[in-house]
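Structural description and commentary
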Amino acid sequence: MLVNLSAMLAAADRGKYAVGGFNITSLETALGIVAAAEAEQSPVILQISEKTIDYMGLDVAVAIAQTLANRVTVPVAVHLDHGKNFELCEQTLKAGFTSIMLDVSQMPKNERIPFVKGFTTRAHRLGITVEVEEDVIGGREDYVRGEAGHFTDPARAAVFVRETGCDCFAVSIGEAHGKPLPNEKLDLDLLCEIDRTVTVPLVLHGASSTPDEVIREAIARGIRKINIDTDLRLAFTKQLRETLKQEDVYDPRDELRPTIASVESVVREKMRLFGSSAQAR
Ligand code: G3H
Ligand code: 13P
Ligand code: ZN
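Residues numbered from 1 in each chain as written. Chains lettered and ligands numbered in written order. Predicted model: local features only at pLDDT ≥ 70, side-chain atom pairs only at ≥ 80, totals over all residues. Heavy atoms only, no water.

With that settled, consider the nonpolar core. Note that soluble globular proteins tend to have their nonpolar side chains buried in a common cluster. Phe22, Ile48, Phe169, Val171 and Phe274 are the most contacted members of the largest nonpolar core, which totals 71 residues. Considering each element in turn, this core owes the most residues, seven residues, to helix H4 (residues 58-71). With residues up to four places along the chain from it excluded, the contact list for Ile48 reads Ile24, Ile53, Ala61, Val62, Ala65, Val78, His79, Leu80, Asp81 and Phe97. Within the second largest apolar cluster, 13 residues are counted, among which are Val3, Met8, Ala12 and Tyr17. (Core = buried A, V, L, I, M, F, W, Y, C linked by side-chain atoms within 4.5 Å. Buried < 20%, exposed > 50% of the residue type's maximum accessible area, 1.4 Å probe, protein only. Helix = DSSP H or I, 4+ residues; strand = E, 2+ residues; numbered from the N terminus. Contact = heavy atoms within 4.5 Å.)

It is worth spelling out the pattern of salt bridges at this point. For the structure on display, the rule yields 16 salt bridges. Taking the shortest distance from any N to any O, the salt bridge between Arg272 and Glu40 comes out at 2.9 Å. Pair noted here: Arg272 is in helix H11 (residues 252-274) and Glu40 is in helix H2 (residues 27-40), with a separation of 232 residues, a long-range link. Judged by relative accessible area, Arg272 falls into the partly exposed class, the value being 48%. Look at Glu40 and you get buried, because its relative accessible area is 9%. A salt bridge links Asp251 to Arg253, with the nearest nitrogen and oxygen atoms 3.0 Å apart. Residue classification places Asp251 among the partly exposed positions, given a relative accessible area of 21%. The class for Arg253 is exposed, based on a relative accessible area of 57%. Through salt bridges with shared partners, a single network forms among Arg112, Glu134, Asp135 and Arg156. (Salt bridge = Lys/Arg side-chain N within 4 Å of Asp/Glu carboxyl O.)

Burial analysis of strand S4 (residues 99-103) places five of its five residues in the buried class, which makes it a mostly covered element. The side-chain alternation of S4 yields two buried faces, one formed by Ser99, Met101 and Asp103 and the other by Ile100 and Leu102. Judged from the three bridges that link them, strand S3 (residues 76-83) and S4 form a sheet pairing that is parallel. Opposite Gly83, over in S4, you have Leu102 as the bridge partner. Chirality of the crossover, the property in question, places the unit of S3, helix H5 (residues 86-92) and S4 among those that are right-handed. Sheet topology note: the S4/strand S5 (residues 129-133) ladder contains five bridges and is parallel. Bridge assignment links Leu102 to a residue of S5, and that residue is Val132. (Pairing = 2+ DSSP bridges. Right-handed = clockwise from strand over helix to strand, strands pointing away.)

It is at 8 Å that the axes of helix H6 (residues 109-125) and helix H7 (residues 154-164) come closest, and there the two elements cross at 40°. In terms of their interaxial angle, H6 and H7 are classed as oblique. Of the residues in H7, those in contact with Lys109, Arg112, Ile113, Val116, Lys117 and Thr120 of H6 are Arg156, Phe160, Glu163 and Thr164. (Axes fitted to C-alpha atoms, helices over the stretch in contact; angles between N-to-C directions. Parallel < 35°, antiparallel > 145°, perpendicular 65-115°, else oblique.)

Another aspect to go through is the sheet that holds S4. What the eight strands build is a closed barrel, ordered S1-S2-S3-S4-S5-S8-S10-S11; its pairing is parallel. Within this sheet the neighbouring strands show an average axis-to-axis angle of 25°, counted without direction. Lying on the sheet, helix H1 (residues 5-15) is in contact with strand S1 (19-23), strand S2 (44-49), S3, S4, S5, strand S8 (168-170) and strand S11 (223-228); it crosses S11 at an angle near 120°. Sheet strands in contact with helix H9 (residues 212-220) are strand S10 (202-204) and S11, and its direction is about 145° off that of S11.

What follows concerns H7. By the burial criterion, the buried members of H7 are Pro154, Ala157, Ala158, Phe160, Val161 and Thr164. Viewed end-on, H7 has its buried residues packed into an arc of 165°, placing them on one side of the element. The exposed set on the far side of H7, more than 90 degrees from its buried face, consists of Ala155 and Arg162. Elements in contact with the buried residues of H7: H6, S5, S8 and helix H8 (188-197). (Arc of directions from axis to C-beta.)

And the structure:
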């Protein structure tokens with residue numbers, strides 16, 4: 001069932017858990033994520049990045065996410081992840097997303113608040129939720145990269161959220177996208193300060209490979225949406241490599257079917273860790 005992200009995160013805030021934002025990189029990852037949500041009776045956020053849009057097309061990516069969302073009774077949000085191409089972000093307002101992330105970390109500082117405020121006003125008229133990243137998050141994936149060290153300033157973040165009217169805020173507290181960096185460590189004290197000053201739900205990016213106890217502590221300190229991509233790619237690739245060892249398998253369906261279960265298994269573990277299992281209503 002397609003739902004609005006704000007309502008989903010408000011429920012997470014009341015229940016003191018986090019909802020997973022899982023990236024779709026293929027039909028199989030999407031099938032695995034939605035199967036996990038149904039098996040765990042968990043709300044879920046299907047995330048579509050700009051690279052996925054380049055890979056399969058905006059129409060196909062949204063059609064897959066919406067079709068799967070409408071197949072199940074658990075709440076599903078369809079989310080644009082790291083919108084940095086602002087022409088594309090405009091298109092996504094009319095494409096069927098229930099939420100859009102604006103990544104303004106590369107935009108000149110003086111342009112950020114007016115742009116996000118204008119975009120958020122238009123999104124809200126269409127019932128669409130807006131997440132914003134203002135400070136660069138470290139690490140790298142294909143279309144998303146940044147140097148670590150630009151941590152969120154709690155006072156500035158509070159002003160940014162108040163003036164733009166955005167609905168959720170991606171913190172930068174030392175996390176990194178992709179495989180773990182050697183010195184990756186979350187500043188959980190800073191997270192507490194951000195949670196005290198910022199009134200909207202907080203989002204943690206780059207959460208693959210983050211130790212379970214750190215994730216639990218981040219949720220206790222106010223994180224309500226947690227983004228996972230790399231751990232799903234690793235599970236998919238490991239399974240595919242294993243299957244391809246069998247030389248008599250040469251049907252893409254037989255090669256890819258086991259990857260769906262591998263992704264589902266990782267997503268189910270994350271949902272239990274985030275406390276979103278059995279929270280579907
Ligand atoms: O945060 C980044 C996401 O994992 C998307 O990565 O641009 O390689 O699809 P991608
Ligand atoms: P990871 O690939 O590190 O899990 O990050 C995912 C993410 O932040 C998507 O926005
Ligand atoms: Zn991210």
